[in-house]
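An overview of the molecular structure
Residues per chain are reported as follows:
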Amino acid sequence: MKKNDIIWNADGWTIVDIADGAAHRLELSALAEGGVVVEVRRRHSRGEEEVLKKKLDDTHTLPMPLADFKKAIENGEIKFK
């Protein structure tokens, strides 16, 4: 899945699949309610899973308007570890 192929749901879940240079995969599931992202679930191909409800990284927090979240994902601004 390419980032530009994603359907960003204003209500419900959106799945973002990212691959890094070392062939690891990272799946993000973002839950939006009324156009605002309220929860992100991060799953790594190694089996790690984390539910994020407040802090995404050092500069991005939830809740976040869906348009801002989409822009941050597309521009690689959010540093998911």
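Here is a short report on the structure shown in this document.

Calculation rules
Residue numbers restart at each chain and count upward from 1, following the sequence in its written direction. At least 70 in pLDDT is required for a residue's local features to be given in this predicted model, at least 80 for side-chain atom pairs to be given and counted, and no such filter applies to totals for whole chains, interfaces and linings, which use all residues. Note that the side-chain values use all heavy atoms of the structure and ignore hydrogens as well as water. Residues enter a nonpolar core if they are buried and are Ala, Val, Leu, Ile, Met, Phe, Trp, Tyr or Cys, with the set joined through side-chain atoms within 4.5 Å. Type-normalised accessible area, obtained with a 1.4 Å probe on protein chains alone, sets the label of each residue: buried when under 20%, exposed when over 50%, and partly exposed for intermediate values. The helix and strand labels rest on DSSP assignments: H or I over at least four residues marks a helix, E over at least two residues marks a strand, and numbering proceeds from the N terminus. Only heavy atoms matter for contacts: two residues are in contact if any of them lie within 4.5 Å across the pair. Only strands that DSSP links by at least two bridges are regarded as paired with each other. N or O atoms closer than or at 3.5 Å make up a polar contact, with two conditions inside protein: a donor-capable atom paired with an acceptor-capable one, and, for residues adjacent in sequence, both atoms drawn from side chains.

1. As for the nonpolar core
Counting 18 residues, the largest nonpolar core has Val40, Leu56, Phe69, Ile73 and Phe80 as the members making the most contacts within it. Secondary structure elements with two or more residues in this core: strand S2 (25-33), strand S3 (36-44) and helix H1 (66-74). Top contributing element to this core by residue count: H1, with four residues. Apart from residues no more than four positions distant in its own chain, valine 40 is found in contact with Leu28, Ser29, Ala30, Glu50, Val51, Leu52, Leu56, Leu62, Phe69 and Phe80.

2. Remarks on the pairing of S3
Two elements, S2 and S3, share eight bridges in a ladder whose sense is antiparallel. Its bridge partner lying in S3, serine 29 is registered against arginine 41. Between S2 and S3, which pair antiparallel and follow one another directly, the connecting turn spans two residues, one of which, glycine 34, has a positive phi of 60 degrees. Taken together, the four bridges between S3 and strand S4 (residues 49-52) define a ladder with antiparallel strand orientation.

3. Details of the side chain of histidine 60
Mapped onto the secondary structure, histidine 60 falls in the loop between S4 and strand S5 (64-65). We classify histidine 60 as buried; its relative accessible area is 13%. Side chain to side chain, histidine 60 and threonine 59 meet in a polar contact 3.0 Å long. Every residue in contact with histidine 60, bar those within four places of it in the chain, is listed here: Lys55, Ala72, Glu77 and Ile78.

4. Concerning the environment of histidine 44
Residue position: histidine 44 is located in strand S3. Placed 17 residues apart in sequence, histidine 44 and glutamate 27 show a C-alpha to C-alpha distance of 6.4 Å. The residues touching histidine 44, leaving out its near neighbours within four places in the chain, are His24, Arg25 and Leu26.

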